[in-house]
Amino acid sequence: MLKGKTVILGVCGGIAAYKAAALCSKLTQAGAQVHVIMTASAAKLVQPLTFQALSKNHVVVDTFDEHDPAVITHVDMADSADLVIIAPATANMLAKLAYGLADDMLSTTMLVTRAPILVAPAMNVHMYDHPTVQTNMATLVSRGVYFIDAAVGQLACGYVGKGRMAEPEQIVDVASRLLEQLQDRPLAGKRVLVTAGGTVERIDPVRYLTNDSSGKMGFAVAEAARDLGAEVTLVAGRTTGSVPAGVELIPVQSAQDMLEAVLERLDGTDIVVKAAAVADYRPEVQADRKIKKTEEALTLRLVKNPDILMEVGKRKKGQFVVGFAAETDHLEENAIGKLERKNCDLLVANDVTAEGAGFGTDTNIITIYGPDGFKMPLPLCTKREAADRLLRLIADRLDGAGIGQAQGVPGGESGGGRMP
Ligand code: CTP
C-alpha cells in the first residue's frame, strides 16, 4: 500500500528520534516517497543529514527554509502528502496539534494538510499518563487523528512503563493497513443520518418513561458508516457508552424532539438508518412541577407518539431508508409488515429474546429484509460487524439504484482512533 505514496514523516525531539531513522528507511524500502520534517529539538538529537541520506529528499527543519521559489514549502508538502506519520510525537507536539499552534514547520504543515495523520507518541510514563496529554490525545482522536499506542518497556529516563514509541516495523504495518482501510470507502460523499438509543418521555421534571435501548446498535451503524467514508449525523436519545469520534451528535430527548431533528435534516441526506427505540406513547400531560404523592392511586394517561420512520417513509425523495424491528415473536411477519407499512428500502429485524441479541449486548443476530422478497440472515456477530454488513449492502443497493450524492456534500471525514 505504501508503494508510490508520498509520506511526510514528522520527527519530534524525543530520544526515540533515533528510531525514526529506521522508520524512514523502512518506509523508503516499502516504496514510499518520504519527506521528513524535523523539529529544532529533534535536529539536536539526530542530524537532518541522516534522514536526507535515508529518504533521498531534502529535510526541512525551519519553516522559512524556502529552497524552491516556485512554491510555499509547508503548503506544497501538506498538499502532496498521502499520509503523515509523526514519530516520535512528544507531549509538546500533541499539545500544539490539539490547540492549533503553528510555531514550527511540522505544526504549521499539520494545520494545512488534509492527509490522514498517524501519530506514534513517545515520552516518560508520567507524562504519558498526565491528564493534559490524555485530553490532548482524545481531542485529536475526536478530530480524526489516528494513534499507535506507546508500548510498555524500559524508557530512556530510567523508568519502566508505558511511553516507548512503537517499533518502526509496527508503524509501517499500521500505516499500510490504514491506507488500505481508507481506500475502501464505498460511502464517500454520502450523508448518513442515524438515530440511536431510547427516547425519554417526561412525566414531570424528575420522572420519565423510557426503554432498555443502549444505543449500541445505532452507534455501531454510525461508526461503520463513518469508516466507509460517509459524513454521519447521529440523532441520539438516551444511550450508554461513548459516541463514535468524527460523527456529528444531535442529542434529543422525546420522540417529538427526534422527529423534528430528523425532518429538519432529511433534505440533503442520502441514507437514513432508524435504529432508535422510539417510545410509542408519551404521557398526555407533562407536569411542570414534581407530582406529589397525595393520591392513593395515580393514573397516567398515555397518548400515541408520531411514528418517525413512517413520516420519513412518506416524505422521502430519493433517500434510502432503513428501519429496525426488535421483536419477541413472529419476527418475519412483523418485519415485512413494518417494511411495507413504513415504506422502507430495507428493514433490519432481530429477536430480542435470542441469546446474544438485543438490548445492551455487544453482539446481535439480525436478518435484513428488502421489498423484493430479499432476505439476508446474518449469524451471531458483533454489532459493529453487523453494521458493516448492513452499510455495505446499502452501498451496493445505492449503486444499483444509481442514486447520486446530496448536493454540496464534501467528502466524508474519516474518524480517528487507536490502531491495533
Ligand atoms: N419507529 C419510529 N417512531 C415510532 C416508533 C418506531 O420511528 N414512534 C421506528 C423505529 O426506530 C424502528 C421502526 O420504527 O426503526 C420499528 O420500530 P418498532 O418499535 O419495532 O415498531 P413499531 O412501529 O413501534 O410497532 P410495534 O411497537 O407495534 O411493534
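Scroll up to find the structure.
Residues numbered from 1 in each chain as written. Predicted model: local features only at pLDDT ≥ 70, side-chain atom pairs only at ≥ 80, totals over all residues. Heavy atoms only, no water.

Trainee: For this particular structure, what's the right way to read the packing of helix α1 (residues 17-29) against helix α3 (residues 48-55)?
Mentor: For any two helices packed against each other, one specifies the inter-axial angle together with the distance between the axes. α3 packs onto α1 with a crossing angle of 15 degrees between their chain directions and a minimal axis gap of 9 Å. When the axis of α1 is compared with that of α3, the two are roughly parallel. When you trace α1 past α3, the crossing you get is right-handed. Here Ala17, Ala20, Ala21, Cys24, Ser25 and Thr28 of α1 come into contact with α3, specifically with Thr50, Phe51, Leu54 and Ser55. Counted by class, the contact of α1 with α3 contains six nonpolar, four polar and no charged residues. (Axes fitted to C-alpha atoms, helices over the stretch in contact; angles between N-to-C directions. Helix = DSSP H or I, 4+ residues; strand = E, 2+ residues; numbered from the N terminus. Parallel < 35°, antiparallel > 145°, perpendicular 65-115°, else oblique. Left-handed = near helix turned anticlockwise from the far one by under 90°. Contact = heavy atoms within 4.5 Å. Nonpolar A, V, L, I, M, F, W, Y, C, P; charged D, E, K, R; others polar.)

Trainee: So what exactly am I meant to see when it comes to a negative patch on the surface here?
Mentor: Among the surface-exposed residues, Asp62, Glu66, Asp68, Asp76 and Asp79 lie close enough to one another that they form a single negatively charged patch. You can see Asp68 is positioned in the loop between α3 and α4 (73-80). On the accessibility criterion, Asp68 (34% relative accessible area) is partly exposed. (Patch = residues over 30% accessible without salt bridge, like charges linked within 9 Å, V, L, I, M, F, W, Y side chains within 5 Å. Areas by Shrake-Rupley, 256 points an atom, 1.4 Å probe, with all protein chains shown as cover. Salt bridge = Lys/Arg side-chain N within 4 Å of Asp/Glu carboxyl O. Lys, Arg positive; Asp, Glu negative; His and termini not counted. Charge placed at Lys NZ, Arg CZ, Asp CG, Glu CD. Buried < 20%, exposed > 50% of the residue type's maximum accessible area, 1.4 Å probe, protein only.)

Trainee: What is the right way to look at the pairing of strand β3 (residues 83-89) in this model?
Mentor: Regular strands show a simple pattern: their side chains alternate between the two faces of the sheet. The buried fraction of β3 is high, at seven of seven residues. Of the pairings in the sheet, the one linking strand β1 (residues 6-11) to β3 comprises four bridges and is parallel in character. Looking at β3, one finds that Leu9 is bridged to Ile85. (Pairing = 2+ DSSP bridges.)

Trainee: I keep staring at the side chain of Thr6 and nothing clicks. Help me out?
Mentor: Along the chain, Thr6 turns up in strand β1. Take Thr6: its relative accessible area is 15%, and that puts it in the buried class. Other than its neighbours up to four places away in sequence, Thr6 contacts Gln33, His35, Ser80, Ala81, Asp82 and Leu83.

Trainee: Honestly, the site of the ligand in this entry has me stumped. Any pointers?
Mentor: Contacts to the ligand come from 14 residues, most closely from Lys274, Ala276, Leu309, Phe324 and Lys342. Here a nitrogen atom of the ligand sits 2.9 Å away from a polar atom, N or O, in the main chain of Pro306. In this structure, an oxygen atom belonging to the ligand sits 2.9 Å away from a main-chain N or O atom of Phe324. For the ligand, whose free accessible area comes to 570 Å², the fraction covered by protein is 77%. Of all the cavities here, the one that holds the ligand is the largest pocket. Secondary-structure elements contributing two or more residues to the shell around the ligand are α12 (308-315) and β16 (320-327). It is β16 that contributes the most residues to the shell around the ligand, four residues altogether. Each residue belonging to the shell around the ligand can be placed in one class, and the counts come to eight nonpolar, one polar and five charged. (Near = heavy atom within 4 Å. Polar contact = N/O pair within 3.5 Å; in protein donor to acceptor, adjacent residues only side chain to side chain. 1 Å grid on protein atoms, 1.4 Å probe; cavity = no way out; pocket = protein on both sides within 12 Å on 5 of 7 lines; lining within 4 Å. Sits in = over half its atoms within 2 Å of the grid points.)

Trainee: What is the right way to look at the sheet that holds β16 in this model?
Mentor: Judged by pairing direction, the sheet is mixed, and its eight strands sit side by side in the order β12-β11-β8-β13-β16-β17-β19-β20 without closing on themselves. With one partner strand each, in any of the chains shown, β12 (248-251) and β20 (375-377) form the two edges of the open sheet. Between one strand axis and the next, the sheet turns through 15 degrees on average, direction left out of account. Pairing of strand β19 (residues 366-369) with β20, which is carried by three bridges, proceeds in the antiparallel orientation. Across the sheet, the residue bridging to Ile368 is Met376, located in β20. Packed onto the sheet, helix α10 (residues 216-227) meets β8 (191-196), β11 (231-236), β13 (271-274) and β16 and runs at close to 165 degrees relative to β8.

Trainee: Please explain the packing of α1 against helix α9 (residues 168-183) as it appears in this structure.
Mentor: The geometry of α1 relative to α9 is characterised by a closest axis approach of 9 Å and an angle of 45 degrees between their N-to-C directions. Relative to α9, the element α1 is oriented oblique. As for how α1 packs across α9, the hand of that crossing is right-handed. Packed against α1, whose contacting residues are Lys19, Ala22, Leu23, Lys26 and Leu27, the element α9 presents Pro168, Glu169, Ile171 and Val172 at the interface. Its residues assigned to classes, the contact of α1 with α9 comprises six nonpolar, no polar and three charged.

Trainee: What am I meant to see in the pairing of strand β7 (residues 160-164) here?
Mentor: Pairing of strand β6 (residues 151-154) with β7 involves four bridges; the strand directions are antiparallel. When the bridges of β7 are listed, Gly153 appears paired with Gly161.

Trainee: I'm lost on the layout of surface pockets in this one. Help?
Mentor: Regions of empty space are outlined by a rolling probe, equal in size to a water molecule, passed over the atoms. Considered as a void within the structure, the largest pocket measures approximately 950 Å³ in volume. Together, 40 residues line the largest pocket, and Ala276, Ala277, Val278, Asp280 and Phe324 are the ones closest to its centre. Of all elements in the fold, only α10, α12, β16 and α13 (331-341) reach the threshold of two or more residues within the lining of the largest pocket. Examining the composition of the lining of the largest pocket, we find that four residues originate from one element, β16, more than from any other. (Points joined across faces, edges and corners; volume = space filled by probe spheres on them.)

Trainee: How should the pattern of salt bridges be read in this particular structure?
Mentor: Should the charged atoms of two oppositely charged side chains come close, the side chains can pair. Counted by the stated rule, this structure contains 25 salt bridges. Ionic contacts of the salt-bridge type, sharing partners, join the residues Glu223, Arg226, Asp227 and Arg384 into one network.

Trainee: I tried to follow the nonpolar core on my own but got confused; where do I start?
Mentor: One broad trend across soluble globular proteins is that nonpolar side chains are buried collectively. Ranked by size, the top nonpolar core spans 38 residues in total, and within it Leu390 and Ile394 carry the most contacts. Those elements that place two or more of their residues in this core are β8, α10, β11, β13, β16, β17 (346-351), β19 and α14 (383-401). In terms of residue count, the dominant contributor to this core is α14 (eight residues). Ignoring sequence-local partners within four residues, the contact set of Leu390 consists of Val273, Val322, Phe324, Leu346, Val348 and Ile368. Judged by nonpolar contacts, the second largest core, of 36 residues, contains Ala16, Leu83, Ile171 and Val172. (Core = buried A, V, L, I, M, F, W, Y, C linked by side-chain atoms within 4.5 Å.)

Taken by themselves, the reported measurements are silent on function.
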